[in-house]
Amino acid sequence: MSGKSDLVLMKIGLVLLLLALFCSMVSAEIFVSVSPKQPGIETLQLYLDESAEYEITVFNSGTEPVMGIVLKVEPSDGLKILDKGLEKNVLPLEVEFLEPNQQETLLVRVKPVELSAKQLVLYVGYGIRAYTHGDVTFLSVAETPLQINASLSKTALDVGEEAFLKLSLKNNGSEPVTKIKAELLAFQGIESMDGAVELASLAPGEGYEAKEMVFRADPSTSGKMPLVLLVSFEDSLGKHVLEKNFFVEIQRREIIIYLMAGIVVLLVVVVLLSRKGDSAHVKKLEKPMVQEIEGSEVKPDKG
């Protein structure tokens, strides 16, 4: 009888536990919204390659603390997420803990990389340990009046070697662009040797040619490293920041030299060992032939 009562108590305890978990999930109400950081604007209009920040606000409107809020930012085609000099198509984020009525704001930078007649979409999926809900915002793209031509003198560098980015600008618009500033943003592994380029203005059709911005590979780093050119300017629509992304491969030449030297040494050893083996084999063949000749009797001449 006591065994049955224990089983009943266990079932009741399990039901109460599930009910408590259900109530906790119901009371944990998470709301997430994504919008331009610039206040008062619902839909941004960006120039091609212009970067802008968006705010992702996570709010716990429930009565219980919430843990393990996961988010995933996904742009539509023609739009990229910018993260530490890299262009990404997906960016996972997480909010570990929120008290009731507490909110946390996350920042995400994006830029359009293609012109489009349609609005581009920035989607944020979210939920507790799974993406169960989502929010979305839109932006439009226009051709920039400031044409930027930028190229690297080298895309592969030895450790400590210098190279440069060649920059030219031209105002293709119908009005002046002012307060122009170009700077080379170097991340870990690359050192920018030049300061910023600053121009008061460029009139319509006016250009600025052939500025070389020098950078150097860090002696302690190797591998593929990002490099970013930021160009800011102002026009009648406000301030804009255009961003061009590059990659530089830093190679450690001494490692390649050591590797080649090691291969040469290995080949020499193999050749010497093979010659030694051939010599021993010849000696083994010659010895019985000599013994056979020495042991044979010379027959007298019958004539």
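Residues numbered from 1 in each chain as written. Predicted model: local features only at pLDDT ≥ 70, side-chain atom pairs only at ≥ 80, totals over all residues. Heavy atoms only, no water.

**Things to note about the packing of aromatic side chains**
To be explicit about the condition: Here the aromatic set is Phe, Tyr and Trp, taking the six-membered ring for Trp, and pairing holds for ring centres within 6.5 Å; pairs whose planes are under 30 degrees apart are stacked, those over 60 apart are edge-to-face, and all others are tilted. The way it works is that DSSP assigns letters per residue, a run of H or I at least four long becomes a helix, a run of E at least two long becomes a strand, and they are numbered from the N terminus. For every residue, the accessible area obtained with a 1.4 Å probe (protein chains only) is divided by the maximum for its type, and the residue is called buried under 20%, exposed over 50%, and partly exposed between those limits. In this scheme, Lys NZ or Arg CZ marks a charge over a ring once it lies within 6 Å of the ring centre and within 35 degrees of the ring normal.
Scanning the model with the defined rule gives one aromatic pair in all. Aromatic pair Tyr-47 and Phe-233: ring centres 6.2 Å apart, planes at 15 degrees, arrangement stacked. You can see Tyr-47 sitting in strand E2 (residues 44-47) and its partner Phe-233 sitting in strand E18 (residues 223-235), a full 186 residues away along the chain. With relative accessibility at 0%, the residue Phe-233 sits in the buried group. It is Lys-224 that lies over the ring of Phe-247; its NZ or CZ is 4.8 Å from the centre.

**Thoughts on the sheet that holds strand E12 (residues 156-158)**
Heads up, the rule is: Paired strands are those between which DSSP finds at least two bridges. Interaxial angles span 0 to 180 degrees and are taken between N-to-C directions of axes, which are lines fitted to C-alpha atoms, for helices over the stretch in contact.
Spatial ordering of the open sheet is given by E12-E19-E18-E14-E16, a layout of five strands whose pairing is mixed. Edge positions in the sheet fall to E12 and strand E16 (197-202), since each of these pairs with one other strand and no more. Here the average twist between neighbouring strands, direction ignored, is 25 degrees. Where strand E14 (residues 177-186) lies against E18, seven bridges are found, and the strand directions are antiparallel. Counterpart to Thr-178 in the pairing with E18 is Glu-234.

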